[in-house]
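So you can see what is in the structure, the chains are spelled out below.
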Amino acid sequence: GMGKLVAVQRFVNSLNNDLEQKYGKKAPVLRIDETLAEQLTQIPQGEDPQNIYTEVIKDIASQVPVTFLEKLNAWRYLAMLFNPKTHIRNIVGNGIFIPSVRIKDYAAAALESAFVKNGERTKSIVIDKKYKDFADKMLKDNLVKQSLKEGRKTDELQLAEYRRIFKTEFLEKARQLNFGALEAEDFFAKTRHFRRALAGYLQANKADLNNIDSGLLARAQEYAIKEAAKATFNDASEIANAISKFAGKNKATDVLINGILPFKRTPINIVKRGIEYSPIGLTATIIK
């Protein structure tokens, strides 16, 4: 718990520095709620502090001021997301990409079979039903579902998710509903990719499902969650993070970047997947 508190304090310090640069002497000072901080430190070692940590982030999000430009951008996103075509394209896009993922997996499985003699493999071409059934059971686990939905969200992404942009209840609910719909669409696609990735990983390493090694299972879960995020263009991107940071420097960069590229991670990740799942990417994997 103490480690998480130190981490969130660093995050708050960084936010306060950003606000000071943006607002000068008028900048509000963000503070961690003392009660939540105490709860965070009292979590026993080995237990997951994520629920309390999320409450801390939510409380900080409520303290961050909302600018006119942020409201303007929220209006633009609302207009885009209220268009049914946006959601149709998201669902169809996730579906169309499945054959590319499968081709990449088949090729990589064949390469692993030929070149990986020592160490764990990650993929199987034809997967036994028992491994798929095991993956289906894992999908019922709440921690797995939460990890699959959220992936590895940075503090910045969590903060953005919990901030209230519109004071008008109807508009704020509509904004949250639209983003929730996109996440639900992506989660449906993620479950398919997770199921195959986890089952393939376990089969490739001849896992005994009646007495499975906890370390192997943890590695398989981490791999499957990562693969599901990549296949739905939801994985973290250093380039996207850098663009977001640049966009927040001043009003000019905010208007420029958010006007041209409102959803930063998805288009960048589409390019990344195009390279990674191509012969160039597979060749790079062999070399590694």
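Look above for the structure.
Residues numbered from 1 in each chain as written. Predicted model: local features only at pLDDT ≥ 70, side-chain atom pairs only at ≥ 80, totals over all residues. Heavy atoms only, no water.

> Got a sec to walk through the packing of helix α1 (residues 2–23) against helix α2 (residues 34–41)? Specific residues and values, please.
Two elements in contact, α1 and α2, have axes separated by 7 Å at closest approach and are oriented at 140 degrees. As the angle between them shows, α1 and α2 are arranged oblique. The handedness of the crossing between α1 and α2 comes out as right-handed. In this structure, α1 contributes Met-2, Lys-4 and Leu-5 to the contact, and α2 contributes Ala-37, Leu-40 and Thr-41. Classifying every residue of the contact of α1 with α2 by side-chain character gives four nonpolar, one polar and one charged. (Axes fitted to C-alpha atoms, helices over the stretch in contact; angles between N-to-C directions. Helix = DSSP H or I, 4+ residues; strand = E, 2+ residues; numbered from the N terminus. Parallel < 35°, antiparallel > 145°, perpendicular 65-115°, else oblique. Left-handed = near helix turned anticlockwise from the far one by under 90°. Contact = heavy atoms within 4.5 Å. Nonpolar A, V, L, I, M, F, W, Y, C, P; charged D, E, K, R; others polar.)

> Give me the lowdown on the environment of Arg-164, citing residues and values where you can.
Following the sequence through the fold, Arg-164 ends up in the loop between α9 (155–162) and α10 (169–204). Taking the relative accessible area as the measure of exposure, Arg-164 reaches 40% and is therefore partly exposed. Separated by 106 residues in the primary sequence, Arg-164 and Lys-58 have C-alpha atoms spaced 9.9 Å apart. If we ignore the near neighbours within four places in the chain, the residues touching Arg-164 are Val-66, Glu-169, Glu-172 and Arg-175. Looking at Arg-164, its side chain comes within polar contact range of the main-chain oxygen of Lys-167, at 2.8 Å. In this structure the side chain of Arg-164 is engaged in a polar contact, spanning 3.0 Å, whose partner is the side chain of Glu-169. (Buried < 20%, exposed > 50% of the residue type's maximum accessible area, 1.4 Å probe, protein only. Polar contact = N/O pair within 3.5 Å; in protein donor to acceptor, adjacent residues only side chain to side chain.)

> Report on the side chain of Lys-123, specifying residues and quantitative values.
As for its placement among the helices and strands, Lys-123 is situated in the loop between α6 (98–115) and α7 (129–138). A residue is classified by how much of its surface remains accessible, and Lys-123, at 13% relative accessible area, is buried. A distance of 2.9 Å separates a polar atom in the side chain of Lys-123 from a polar atom in the side chain of Tyr-223. Excluding anything up to four places from it in sequence, Lys-123 contacts Lys-104, Asp-105, Ala-108, Ala-109, Glu-112, Gly-200, Ala-204 and Tyr-223.

> Describe unusual backbone geometry, naming the residues involved and giving the relevant values.
Glycine aside, negative phi is the norm for most residues, and most peptide bonds take the trans geometry. At Lys-206, a position not held by glycine, the phi torsion is positive, near 50 degrees. Tracing the chain through its elements places Lys-206 in the loop between α10 and α11 (214–231). Since its relative accessible area comes to 68%, Lys-206 is described here as exposed.

> Can you tell me about α7, naming the residues and giving the values?
Every buried residue of α7 is listed here: Tyr-131, Phe-134, Ala-135 and Met-138. Each buried residue of α7 lies within a common arc of 100 degrees when the element is viewed along its axis, so the set occupies one face. Turned more than 90 degrees off the buried face of α7, the exposed positions are Lys-129 and Lys-137. (Arc of directions from axis to C-beta.)

> Outline the packing of aromatic side chains, supporting the account with residue identities and numerical values.
Counted by the stated rule, this structure contains one aromatic pair. Ring centres 5.3 Å apart and planes at 45 degrees place the aromatic pair Tyr-201 and Tyr-223 in the tilted group. A residue pair is termed long-range when its members are at least 10 positions apart, and Tyr-201 in helix α10 and Tyr-223 in helix α11 qualify at 22 residues. (Phe/Tyr/Trp six-rings, centres within 6.5 Å; stacked < 30°, edge-to-face > 60°.)

> Quick one: what's the story with the nonpolar core, residue by residue and with numbers?
Tyr-131, Met-138, Leu-148, Phe-194, Leu-198 and Leu-202 are the most contacted members of the largest nonpolar core, which totals 23 residues. When contributions to this core are tallied by element, the ones reaching two or more residues are α7, α8 (142–150), α10 and α11. Not counting the four nearest positions on each side in its chain, Leu-202 is found in contact with Tyr-131, Phe-134, Ala-207, Leu-209, Ile-212, Leu-216 and Ala-220. One finds Val-12, Ala-27, Ala-37 and Tyr-53 within the second-largest nonpolar core, a separate group that totals 20 residues. (Core = buried A, V, L, I, M, F, W, Y, C linked by side-chain atoms within 4.5 Å.)

Nothing here speaks to function; it is all geometry.
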